[in-house]
Amino acid sequence: MHGSMENREGHASYPWEAVSLSVSTIPGRRASLSTLRYHMTTPPPRPDRSLGITILAVLVVIAAVYFARIFLVPIALALLLSVLLRPIVRRFERIHVPTSIGAAIVVLALLGALIGAGFAAAEPVQTWMAEAPSTLKAARGKLASARHSIERVSNAAADLGNSGSSTGVSAPTPPMFSSIFGTTTALIAGISEVLLLLFLLLASGDMFLQKLVEVMPLLKDKKSAVEITKQVQQAVTRYLSTTFLINIGQGTVVGLAMWGLGLPAPWIWGVLTVFLEFIPYLGAAAMIGLLSVAAFGHFKDTLHIVLVPVTYLVIATLQNNLVSPIAYGQRLKLNPVAVLVGVLFWWFLWGVAGAFLAVPFIATLKIFADHKPSMAPLAAFLGE
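Residues numbered from 1 in each chain as written. Predicted model: local features only at pLDDT ≥ 70, side-chain atom pairs only at ≥ 80, totals over all residues. Heavy atoms only, no water.

Draft legend 1. Expanded view of the layout of surface pockets. There is about 1300 Å³ of room inside the second largest pocket. Elements represented by at least two residues in the lining of the second largest pocket include exactly α4 (47-67), α5 (69-94), α9 (184-203), α10 (207-215), α11 (219-261) and α15 (336-370). Broken down by element, the lining of the second largest pocket gets its largest block of residues, 11 residues, from α15. (1 Å grid on protein atoms, 1.4 Å probe; cavity = no way out; pocket = protein on both sides within 12 Å on 5 of 7 lines; lining within 4 Å. Points joined across faces, edges and corners; volume = space filled by probe spheres on them. Helix = DSSP H or I, 4+ residues; strand = E, 2+ residues; numbered from the N terminus.)

Draft legend 2. Spotlight on the nonpolar core. If you look at the biggest cluster of nonpolar residues, it comprises 30 residues, and the most contacted ones within it are L240, L334, V343, W346 and W350. Secondary structure elements with two or more residues in this core: α5, α11 and α15. Looking at this core element by element, the count peaks at 14 residues for α15. Excluding its chain neighbours within four sequence positions, the residues that come into contact with V343 are I279, P280, L282, A355 and A358. By size, the runner-up hydrophobic cluster in this structure holds 21 residues, among which are A257, L261, M287 and A295. (Core = buried A, V, L, I, M, F, W, Y, C linked by side-chain atoms within 4.5 Å. Buried < 20%, exposed > 50% of the residue type's maximum accessible area, 1.4 Å probe, protein only. Contact = heavy atoms within 4.5 Å.)

Draft legend 3. Summary view of helix α14 (residues 302-328). Its 27 residues give α14 an end-to-end C-alpha distance of 38 Å, which sits within 8% of 39 Å, the value for a rise of 1.5 Å per residue. The sharpest bend along α14 reaches about 35° and sits at Q319. Looking only at α14, the buried set comprises I305, V308, P309, T311, Y312, I315, A316, Q319, S324 and Y328. Buried-residue contacts for α14 involve α11, α12 (266-276) and α13 (282-298). (Expected span 1.5 Å × (residues − 1). Bend = angle between axes of the 7 residues up to and from the residue.)

Draft legend 4. Highlighting the environment of H371. As for its placement among the helices and strands, H371 is situated in the loop between α15 and α16 (376-382). Classification of H371 by relative accessible area gives partly exposed; the value is 26%. In this structure, the C-alpha to C-alpha distance between H371 and I228, residues 143 residues apart in sequence, is 7.6 Å. Other than its neighbours up to four places away in sequence, H371 contacts S224, E227, I228 and Q231.

Draft legend 5. Just the packing of α11 against α15, in detail. It is at 10 Å that the axes of α11 and α15 come closest, and there the two elements cross at 145°. Handedness of the crossing formed by α11 with α15: right-handed. Contacts between α11 and α15 involve I228, Q231, V232, A235, V236, Y239 and L240 on the former and, on the latter, F356, V359, P360, T364, I367 and F368. Residue composition of the contact of α11 with α15, by class: 11 nonpolar, two polar and no charged. (Axes fitted to C-alpha atoms, helices over the stretch in contact; angles between N-to-C directions. Left-handed = near helix turned anticlockwise from the far one by under 90°. Nonpolar A, V, L, I, M, F, W, Y, C, P; charged D, E, K, R; others polar.)

Draft legend 6. Highlighting the packing of aromatic side chains. This model, assessed by the stated rule, comprises eight aromatic pairs. Ring geometry for F278 versus F356: centroids 5.6 Å apart, planes at 70°, classification edge-to-face. With a gap of 78 residues between them, F278 in the loop between α12 and α13 and F356 in helix α15 connect regions that are remote in the sequence. We classify F356 as partly exposed; its relative accessible area is 24%. Across from the ring centre of Y66, 4.3 Å away, lies the NZ or CZ of R69, which sits over that ring. (Phe/Tyr/Trp six-rings, centres within 6.5 Å; stacked < 30°, edge-to-face > 60°. Lys NZ or Arg CZ within 6 Å of the ring centre and 35° of its normal.)

So, in structure tokens, the structure goes:
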């Protein structure tokens, strides 16, 4: 028994016990080092446990964002629009117009623009959607004929060829439209909610920033919060305004190109280009798919069918590689891989709205990471 006790006192089993034993031998230090002895003899936390807790917390947050999308999407869209339109309200404030009145003018102007665009596009879009089933039916018949030819050349099974040969049933309206635009009631309710939140955010002025600065405990944190907010507003405003101007130019070129190729309703393709190009990669892919279907349904010769999507692909490639780098310059450089992953991630969570918000989200995260030394690896990955 005495030997075991002497072994415990003379030889430490763990490094932290050795430190505590050596320190405790200093005269007059036993009472003052009791807390030190307790901490030194406590084993360090296991890193795998903290990593597992972090992963679990991230998964819980992702699930919460997914299931709360009906609540969060209007808020995110209103915040994005408030960042974009806040400079206009500030101009009204400079000429001594009250903030609430300036916000009301901006929101009413936006509502009027939406209503005008809806009335202008209502009849052509209805005509186009009414012709969509017959267009899809004709395209499916041509694709079926081409597939049968390939199957005959490759001696495919006859039953496989017969499974896709029936084209007598009229194709229903593509579910893509309902998934993108939703029902009329849901669309109007969503727009009303976004506009109401937008008015409240614009009418409150800089109250959000002031409250954020007030809750910061340190002066350097207050300055950092102001700087991050300022940079986020500038980056998002610059990105959306520049992208909108680029998309208008690209939509004009696409509309003229489709008119030259003889595709019906060419201006609709131009308008679709303006809005879908706000969604990186996926918007261009959707346009190529829609144009391919329209070309299959309208043209008979293979040259025109292939030329329509190829023309759009050439225009989009020139815009992405020549126009966009010059327009954006060095002000907003993001990693293309990070952008693509972010677009797919937010598309999965929030659909089209998430894909539209992905780039502003990534830009905001990049700016925030630039101001935090602990997030330097993330900032390096998100940057180009």
